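Fold and geometry: a report
Here is what each chain is made of, one letter per residue.
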Amino acid sequence: MTAVRCSRWSVGGSALVRHRPSGSVAHVSLLLALLTLFGTVQHSHGYLDDRQPVYLEAKIGSYVILDCPVDFPQDEPIPYVLHWNKDNKPVFTLYDGVLNAYETFIGRVTLLNNDILYGKASLNLTSIRESDNGWYECKVIFPNRVPNKRNNGTWFHISVLGGTLLRIPPVNQTVLEGDPAFFHCVVQNPETMFVKWYKDNVSLLEYYDLSHRSMMGPDGSLTINPTQMSDLGFFTCEVRNTANDTQSASAYLNVQYKAKVVYAPKEVYIPFGESAVLDCHFRSNPPLKNLRWEKDGFLFDPYNVQVGKRCLVSLA
C-alpha cells in the first residue's frame, strides 16, 4: 500500500490538498490559488483603479482649478514627486520642494497643497488662453516606495470658451521698481479690433504720469517702462470689435521696492522732562521685517538713557 501525505495551505479562505504522487496537478492548483490571491490583494489596494476624466470649461482670461488628491499609503504623508502634463508635455513639476513651471505656464500656475478644500496636488491655472485647451494629467509618484504608484492620478479636459476677440490675456507680474512690466493682450484680428487699457477700473489715459511711461504694441499688449511704486494695482485690457462686442481680462502688477521714509519731521521741540512722539511714516514692498532707530549715529537703546530723560518712540 502506498502512503499518501497531505498538507494544507490557507489561501483566500480556502484549503488545498496536495498529493505528492500527482505533483503536476498540485502545482497547477497552487499556481491558480496564488494568482487569485495576488489579484485580490492588488485590487484591494486600488492599483488598477480606473478614474473617469473630469471635464471643465473656462473663459479666456479667467481661471480654473484642477483638483488632484494625493492618496498616501496608510494615510501617512511621505515624500512624493508631482508631475502635471498637458497633451504629454510637462506643465508643472514638484520635486524635493522645488516648483517648476514650463513655457507658457510660467507665472500662471499655483500649487494648492495647503488649501483644505482641494487635494495636495491641485493646481490653480490663471489667465486662461486659447492654447490651454486640451487634456491634462496629474501624476503622483512615491520615489521611496515599491511600487512607487498608488491610486493616484487624474485626467482633466479643459474647454476654453469665448475666444472670438481675445487670444492671449495678461498675466500677473512682479517687478522691481524701475524695471519694465509687460502685459499681453493679443487680439484675434488687430485690423478690426480695438484695445483700451484700465488701471483699477480707471482709463489709463487719466493717469498722466503713468500714461507717459506706457506704450501699447500693435497687438494690444502693454509695456510700462520704468515702473514706479505707485503703479501697483490691477490692469485690465478691454477688446472691442466693429460690431461693438467686448471682452476684457485683468492682471495684477506687484511693484517691489526698498523701504522708504515718506514723512518724518526733522526737528521736534518739547519741554524738558516731558515725553515726545517721534513720527516715522514709511512704505515698503514686501512688508518690512526689521526696523531700528538711531540716536546721534548709534543704535538707540530705550533702556539705556540718562536719568531724567524719557523718550517715547511711535511708528505710524
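In what follows, the accompanying structure is described. Not measured: the values here are computed from a predicted model.

1. Quick notes on the overall build of the protein
A tally of regular secondary structure across the protein gives two helices and 26 strands. Classification of the 316 residues of the protein by burial places 33% in the buried group. In the protein, once contacts between residues fewer than 6 apart in sequence are set aside, the share between residues at least 24 apart is 59%. Working note: accessible area of the protein is about 20800 Å², and carbon and sulfur atoms make up 55% of it.

2. Considering the nonpolar core
Counting 49 residues, the largest nonpolar core has Leu 82, Trp 84, Phe 92, Tyr 136, Trp 197 and Phe 235 as the members making the most contacts within it. Per element, the largest residue contribution to this core is four residues, and it comes from strand S21 (residues 246-263). Split by domain, the residues of this core number at least three in each of domain 1 (54-160) and domain 2 (166-257). Those residues within four positions of Trp 84 in sequence are excluded, and the remaining contacts are Leu 66, Cys 68, Lys 89, Pro 90, Val 91, Phe 92, Ala 121, Leu 123, Tyr 136, Glu 137, Cys 138 and Phe 156.

3. Comments concerning the sheet that holds strand S9 (residues 123-125)
Strands sit in the order S4-S9-S8 across an open sheet of three strands; the sheet is antiparallel. Looking along the sheet, the strands with just one partner apiece sit at the ends: strand S4 (64-66) and strand S8 (109-111). Geometrically, the sheet is characterised by an average inter-axis angle of 20° between neighbouring strands, direction not taken into account. By the bridge criterion, three bridges tie S4 to S9 in an arrangement that is antiparallel. In the sheet register, Val 64 faces S9, and the bridge partner there is Leu 125.

4. Focus: the packing of aromatic side chains
The relative placement of two aromatic rings is captured by the distance of their centres and the angle of their planes. One pass over the full model with this rule turns up seven aromatic pairs. For the ring pair Phe 105 and Tyr 136, a centre distance of 6.5 Å and an interplane angle of 90° mean the geometry is edge-to-face. Placement of Phe 105 in the loop between strand S7 (98-101) and S8 and of Tyr 136 in strand S10 (residues 134-141) is noted, with a sequence separation of 31 residues between them. Seen from their ring centres, Phe 183 and Phe 235 are 5.4 Å apart, and the 25° between their planes marks the pair as stacked. Taken together, the residues span a long stretch of sequence, with Phe 183 in strand S14 (residues 181-183) and Phe 235 in strand S20 (residues 233-241) at a distance of 52 residues. What makes Phe 183 buried here is its relative accessible area of 0%. Note on Phe 235: relative accessible area 0%, which makes it buried. An aromatic cluster of at least three residues, connected via ring pairs, comprises Tyr 55, Trp 135 and Trp 155.

5. Considerations on the side chain of Asn 85
Its place among the elements puts Asn 85 in strand S5 (residues 81-86). Aside from chain neighbours lying at most four places away, what touches Asn 85 is Pro 90, Val 91, Trp 135, Tyr 136, Glu 137 and Lys 139.

6. Here we look at unusual backbone geometry
Along the chain, Asn 225 connects to Pro 226 via a cis peptide bond; the corresponding omega equals -5°. With respect to the helices, strands and loops of the structure, Pro 226 is situated in the loop between strand S19 (222-224) and S20. With omega at 10°, the peptide bond leading from Asn 285 into Pro 286 counts as cis. Structurally, Pro 286 is set in the loop between strand S23 (281-285) and strand S24 (294-295).

7. Examining the sheet that holds S19
The three strands are arranged S14-S19-S18 in an open sheet whose pairing can be described as antiparallel. Here the strands that pair on one side only, and so sit at the sheet edges, are S14 and strand S18 (214-216). Sheet twist, expressed as the mean angle between neighbouring strand axes with direction ignored, is 15°. Across three bridges, S18 lies against S19 in antiparallel orientation. The partner of Met 215 across the bridge, within S19, is Thr 223.

8. A few points about the pairing of strand S11 (residues 154-161)
Pairing analysis gives six bridges linking strand S3 (residues 54-59) to S11, with the strands arranged parallel. Paired with Glu 57 across the two strands is Ser 159, which belongs to S11. Sheet topology note: the S10/S11 ladder contains five bridges and is antiparallel. Residue Cys 138 lies in a different strand from S11, and its bridge partner there is Thr 154.

9. Some details on the side chain of Thr 236
One can find Thr 236 in strand S20. Judged by relative accessible area, Thr 236 falls into the buried class, the value being 15%. Looking at Thr 236, its side chain comes within polar contact range of the side chain of Ser 250, at 2.6 Å. Residue contacts for Thr 236: discarding those within four places in its chain leaves Lys 196, Trp 197, Tyr 198, Ser 248, Ala 249 and Ser 250.

Reading guide: rules and limits
Residues numbered from 1 in each chain as written. Predicted model: local features only at pLDDT ≥ 70, side-chain atom pairs only at ≥ 80, totals over all residues. Heavy atoms only, no water. Helix = DSSP H or I, 4+ residues; strand = E, 2+ residues; numbered from the N terminus. Buried < 20%, exposed > 50% of the residue type's maximum accessible area, 1.4 Å probe, protein only. Contact = heavy atoms within 4.5 Å. Areas by Shrake-Rupley, 256 points an atom, 1.4 Å probe, with all protein chains shown as cover. Core = buried A, V, L, I, M, F, W, Y, C linked by side-chain atoms within 4.5 Å. Domains from an automatic or database assignment. Pairing = 2+ DSSP bridges. Axes fitted to C-alpha atoms, helices over the stretch in contact; angles between N-to-C directions. Phe/Tyr/Trp six-rings, centres within 6.5 Å; stacked < 30°, edge-to-face > 60°. Polar contact = N/O pair within 3.5 Å; in protein donor to acceptor, adjacent residues only side chain to side chain.

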